[in-house]
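Report on the structure
The primary structure of each chain is shown beneath.
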Amino acid sequence: MTSGHVAVHGLKAGYGETTILDIDQLEVRPGEFLSVLGPSGCGKTTLLNVIAGFVEPTAGSVLIDGRDLTHTPPYRRNLGLVFQSYALFPHMTVTQNLSYGMKVRGASKAGQATRVAEVLDLVGLSEYAERMPRQLSGGQQQRVALARALAYSPTVLLLDEPLSNLDAKLRRQMQSELRQIQRRVGTTMIFVTHDQDEALTMADRVALLNRGRIEQIGTPQDIYRSPRTPFVADFLGAGNLVRATVVDSHTVVSNGTSLPVTTDCPGGTEVTVVLRREQLRLASDAVAGQGPRGEVTFRAFSGGTWHVQVRLLPDDTAATRVPGQVISVELPDTGRSGAPAEEGEVVRLTWGADSVVVIQE
Amino acid sequence: MMGPLRRRTRLLAWLPLTPGGLFLLALFVVPLFSLLVLSLRPTDAYFDPQQGFTAAQYTEVLSGRYYRDALAYTVEMALIVTVLCAVVGYPVAWLLVHARSAVLRLVIVLVVVSPLLTSVVVRSFGWRALLAANGPVNRLLVGTRLVAGPVNLLTGPVTVVVVVTHVLLPFAIVTLSTALSRIDDAYLRASSSLGARPAATFLNVVLPLSVPGLVSGAAIVFSLAMGIYVTPLLVGGANQPLAGLRVYDQALRVFNQPSAAAMSFTLFAVSLVAIAVLTRFGHHWERRIHD
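Below or above, wherever it landed, is the structure these notes cover.

**A look at the pairing of strand β6 (residues 79–82) of chain A**
Residues and elements named next belong to chain A. Of the two faces of β6, the one carrying L79 and L81 and the one carrying G80 and V82 are both buried. Across 4 bridges, β6 lies against strand β7 (residues 156–160) in parallel orientation. Opposite V82, over in β7, you have L159 as the bridge partner.

In C-alpha cells, the structure reads:
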C-alpha cells in the first residue's frame, strides 16, 4: 500500500497561554505502526485529536499523503479512529455499526454487506453480526470497534489506548492480533499508549512524548538500548539513574563512589549513568574486581527473580559522606542451592562496562 | 431466631418512609378518592350531591359540547405545546450541554429557569402588558401596517399555546439536557471520524440516543399542559375553552362540583393514558440499548 503517509510540521496546540503540544517534525511512513508513548498529560491524546481533526492546532500543519488537512473537518479526513471506550453506537447492531461509515458515504447496500462480511471475518466475529454491542464481551467490542474503523478502508488508523480497558491476558492476545491485522491490511497505524511494554511490543517505531514534545523517536530496540535523555531511560523502566561526573573514559564518580563505564565525554562532564536492574550482578566483596561496593538493604524473592537493593558505599570507607544511592537489582533465581547476599552484607556490584548507557546532561 | 429479627429490621427499614407516605395518603389519595365518589353522585336541581351512584356526569362530559370541545381543545393544545417545547427546547438543551464558555452556560440556565423563579402572577401580567391593545406587540403590528388597528392578542389559541409553551419550556430543557449530557462525547467523535457530517451525526446518533429524554420531557410537559389553567386565566380570562378553566368554572362559579369532579377525572385519565403510552415506548427503546 502506497498511501497512508502522515507528516506533522511545527505543530503547536494548547489553550490560551499553555502549550500542551509542541511538535517540530513527525513523519509516519505508509504502512508503519507507530506507538506514541508517554505519561498521562504528555499530550499524546491531543496529538491524536489534532491528527483526527477534533483539536484545532494553534500553529503548524498536518499532511496526509501530501494533502494539507490542518483545517479539514474530521468527517472529511478519511481516517479511522478507535477509542479507549470503543464508542460503539449502542442503538445499532454490529452490522449497522460496521456499515455506518459506508452508509454515510452513500455506498451501495450490496457493497456495504460484502465489506461488513469481510471485516467481520478479519476480526473473527462473523457469528456476531446481528448482536447489539451490549451483548458482546469487552474483547469482542474492541474487535468490532477496530473492524468499524477499518470497514471503509481509511488511509490511516488512529488508536487511542484501545487496549487499556482489557484484562492483562486478553490485552496480550489483542496486541498480537492487532499487529497481525495491521500486517495483513497494511494500514498506517498510530497507536497511543501509556504502557511502555505495549508500545515496545507492537510498534515499528516508538515516539516518546514528554510535556508536549517528542523526547525521542526510534525503533523499540533503539529507544530502549540508547535512551537519549534520563526521562526516556526512566520511562522505559531502566530502574537506576545515577548522576555522576566523568573522571576518564573508563570511570565516572558519583558521591565518592567510582563506577566503571565506557564514555567519550571529557573529564568533568556531568552525566547520568543508566544501570538497568537486570544488567547488574552481585559479587562477593572479598573478590577484588571492578565495580563499586555496597551494602544490601533489602532482599525479596518473587518467583523467578530476586529483588535486591544495594546502597552504594564510597571508595574511601573512612570518608564520611551522605548515604549512597540505593540501586535496585533484579537477579534470576538459581534454584535451591543459591540465594543472593542477605540484608546487611557488603557486596560488590558488577556489570559489563560497555553495556551501560551514559547520558550527557 | 433470625427470622423474626430480620422481619423486624425489614419493617424498621420502612419507617423513614412513613411521614412521606402519610403525607401522600392524606393530601393526595384521600382527596382523589373522595373526588371520584363525588363525580359519581347524582345531583339535585342545585347541583348538590345526593346518595347513590350515577354515571350521568361522565355521560355529560363525554357527550355534551361544553366539556367535550374543551377536552378536545385542551388535548390539541397540549400536543402542540409538547411538540413546540421539544423543538424549541432541544437546541437550547444542546447548547447548555455543549457550550464551551461557562458564562454562556450560566446565562442559558438563568434564562431557562427564570419562568420558574418568577411568580405566576408577575409572569402572567408581564404577558398581559406585552400583548395588551396598547402594548408593544400591537404597536409594532399597527406601526408596520400589518394590521389596521389593535387586535385582541390576549385570548385565542395562539396566545394560549405561546404562553403555556413559555411556562413549560424549562421542564423540557432540563430533562432534555440531562439526557443529552449522558451521551458520551466519544459517540459524536466516532460518528464524525467515520465520515458523518454534523447533520448525519445528529439524525443517526444524537437523536436516537436522546429518545429517553424526549419521552420523559414529553410526558411531563403534556401532563402539565393538560391541567394548566392559572396562566391562561390570568392572561386571557376565564372564557376560554380549556379543560382546566372549565373545571374551575364549574367548581367555583356554577358550584356543580360532581360535574367538575367528573371532568377532572376524565382529564386525569387522558394524561395517564398518554404517559403510559409514552413511557412504554421509552422503555422499549431503552431495553433495546441497555439490557
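**Concerning the interface of chain A and chain B**
By a widely used convention, the size of an interface equals the accessible area lost when the partners come together. Taken together, the 24 residues of chain A in the interface contact 24 residues of chain B. In total, about 2100 Å² of surface goes out of reach between chain A and chain B, with carbon and sulfur atoms giving 60% of it. Broken down residue by residue, the surface that chain A buries against chain B is led by Y75, H91 and R134 of chain A, which jointly contribute 31%. Counting across the chain A and chain B interface gives 0 salt bridges. In this structure, the connection of chain A to chain B is made through 6 residue pairs in polar contact (both at pLDDT 80 or more). Elements supplying a minimum of two residues to the side of chain A that touches chain B: β6 and α2 (94–103) of chain A.

**Focus: the sheet that holds strand β14 (residues 270–276) of chain A**
Residue and element names in this part refer to chain A. In spatial order, the strands read β13-β12-β11-β14-β20; together these 5 strands make up an open sheet with antiparallel pairing. In the strand order of this sheet, the two ends are held by β13 (257–260) and β20 (357–360), each with one partner. On average, each strand axis in the sheet is inclined to that of its neighbour by 40°, with strand direction left out of account. Sheet analysis places strand β12 (residues 251–254) next to β13, joined by 4 bridges and oriented antiparallel. From the neighbouring strand, T251 faces β13, where its bridge partner is P260.

**Quick look at the packing of helix α3 (residues 56–63) of chain B against helix α4 (residues 65–98) of chain B**
All names here are of chain B. Where α3 contacts α4, the axes come no closer than 5 Å and their chain directions differ by 60°. Taken together, α3 and α4 sit at an angle that is classed as oblique. Across the interface between the two elements, E60, V61, L62 and S63 from α3 touch R65, Y67 and R68 from α4. Along the lines of polarity and charge, the residues of the contact of α3 with α4 split into 3 nonpolar, 1 polar and 3 charged.

**A look at the side chain of Q240 of chain B**
Residues and elements named next belong to chain B. With respect to the helices and strands, Q240 occurs in the loop between α12 (230–236) and α13 (243–254). Here G237 takes part through its backbone oxygen, which lies 3.0 Å from a polar atom of the side chain of Q240. In contact with Q240, other than residues within four places in its own chain, are T155, G156, V160, P232, L245 and R246.

Scoring rules and cut-offs
Residues numbered from 1 in each chain as written. Chains lettered and ligands numbered in written order. Predicted model: local features only at pLDDT ≥ 70, side-chain atom pairs only at ≥ 80, totals over all residues. Heavy atoms only, no water. Buried < 20%, exposed > 50% of the residue type's maximum accessible area, 1.4 Å probe, protein only. Helix = DSSP H or I, 4+ residues; strand = E, 2+ residues; numbered from the N terminus. Pairing = 2+ DSSP bridges. Contact = heavy atoms within 4.5 Å. Buried area = accessible area lost by both parts, 1.4 Å probe. Salt bridge = Lys/Arg side-chain N within 4 Å of Asp/Glu carboxyl O. Polar contact = N/O pair within 3.5 Å; in protein donor to acceptor, adjacent residues only side chain to side chain. Axes fitted to C-alpha atoms, helices over the stretch in contact; angles between N-to-C directions. Parallel < 35°, antiparallel > 145°, perpendicular 65-115°, else oblique. Nonpolar A, V, L, I, M, F, W, Y, C, P; charged D, E, K, R; others polar.

That's the geometry; what it means functionally is another story.
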